[in-house]
Amino acid sequence: MSDINIGAISEALNNKVDLPSPTTPQNAVDYVVEKQDPTSANGYTWYRKYKSGWVEQGGMGTSHQYNTTARNVTFPIIMQDTKYQVLLVAGETTQQSWDFGVRVGIRYTNGLDVRGGTNGNSAYNGPFFWQVSGYEA
């Protein structure tokens, strides 16, 4: 007869997730099935894919001038449609007397056109942080 390792059993039970019973679509637990952490090698782009198909992803970029329409953010995960949520935050730290801002010019399922400007110069380009949330394609 082999010895029972109570410590191993206890550790396995501590890492268990209790699901609601009965589990229905309304109370189902969603969890991360794939992720990428931000590193210098991937340009500080990150994502989290959930079992349900929900995706949260983000990164850094440099904005375009107001009259440029090229995509300057490429998503690591393609979105289902262009009805995803977008969060943009200006990353400019050197402007002391100007207000720097960013806005979405055009949404794509695989990226964004982000444009920037300042109070006195709508053609200003600058750094920004982005995040989108929605369902993957």
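Everything below is about the structure shown above.
Reading guide: rules and limits
- Each chain carries its own residue numbering, running from 1 in the written order of its sequence.
- Only residues with pLDDT of at least 70 get local features here, since the model is predicted, and only at 80 or more are side-chain atom pairs given and counted; chain-wide, interface and lining totals rely on the full set of residues.
- Excluded from the side-chain calculation are hydrogens and water; included are all heavy atoms of the structure.
- Salt bridge criterion: a side-chain nitrogen from Lys or Arg within 4 Å of a carboxyl oxygen from Asp or Glu.
- Helix and strand labels come from DSSP, where a helix needs a run of H or I of at least four residues and a strand needs a run of E of at least two; each type is numbered from the N terminus.
- Only protein chains enter the calculation, and the probe is 1.4 Å; a residue is then buried if its accessible area is under 20% of its type maximum, exposed if over 50%, and partly exposed in between.
- Stacked, tilted and edge-to-face are the three classes assigned to paired rings of Phe, Tyr and Trp, where Trp is represented by its six-membered ring and a pair needs centres within 6.5 Å; plane angles under 30 degrees give stacked, over 60 edge-to-face, the rest tilted.
- Two residues qualify as a contact provided that any one of their heavy atoms is within 4.5 Å of a heavy atom in the partner residue.
- At least two bridges found by DSSP between two strands are what make those strands a pair.

Draft legend 1. Quick look at the pattern of salt bridges. Taken as a whole, this structure holds five salt bridges when the rule is applied. Aspartate 37 is paired through a salt bridge with arginine 48; the nearest N and O atoms lie 3.0 Å apart. Of this pair, aspartate 37 sits in the loop between strand S1 (32-36) and strand S2 (46-50) while arginine 48 is found in strand S2, placing the two residues 11 residues apart along the sequence. For aspartate 37, a relative accessible area of 36% gives the class partly exposed. Salt-bridge contacts for arginine 115 lead to aspartate 113; the nearest nitrogen and oxygen are separated by 2.8 Å.

Draft legend 2. Spatial organisation of unusual backbone geometry. Residue tyrosine 44 is not a glycine yet carries a positive backbone phi of 60°. Topologically, tyrosine 44 is positioned in the loop between S1 and S2.

Draft legend 3. Representation of the packing of aromatic side chains within the structure. Under the defined criterion, the tally for this structure stands at three aromatic pairs. Residues tryptophan 54 and tyrosine 135 carry aromatic rings whose centres are separated by 5.1 Å and whose planes lie at 85° to one another, so their mutual orientation is edge-to-face. Taken together, the positions of tryptophan 54 in strand S3 (residues 54-62) and tyrosine 135 in strand S8 (residues 127-135) put the pair 81 residues apart, joining distant regions of the chain. Looking at tryptophan 54, the relative accessible area reads 28%, which means it is partly exposed. The exposure class of tyrosine 135 is partly exposed, given its relative accessible area of 41%. Aromatic pair phenylalanine 75 and tryptophan 130: ring centres 5.4 Å apart, planes at 35°, arrangement tilted. In this pair, phenylalanine 75 is assigned in the loop between strand S4 (73-74) and strand S5 (85-90) and tryptophan 130 in strand S8, connecting sequence segments 55 residues apart. Like phenylalanine 75, the residue tryptophan 130 is buried in the burial classification. Grouped by ring-pair contacts, the aromatic residues Phe75, Tyr84 and Trp130 constitute a single cluster.

Draft legend 4. Structural detail: the environment of phenylalanine 75. In this structure phenylalanine 75 comes out as buried when scored by relative accessible area, which is 5%. Excluding residues within four positions of it along the chain, phenylalanine 75 makes contact with Gln57, Tyr84, Tyr108, Thr109, Asn110, Gly111, Leu112, Trp130 and Val132.

Draft legend 5. The pairing of S2, seen in detail. Pairing between S1 and S2: four bridges, direction antiparallel. What sits directly across from valine 32, in S2, is tyrosine 50. One ladder, built from four bridges, connects S2 with S3; its direction is antiparallel. By the bridge assignment, lysine 49 is partnered in S3 with valine 55. Linking S2 back to S3 in an antiparallel pair, the connection comprises three residues, with glycine 53 at a positive phi of about 100°.

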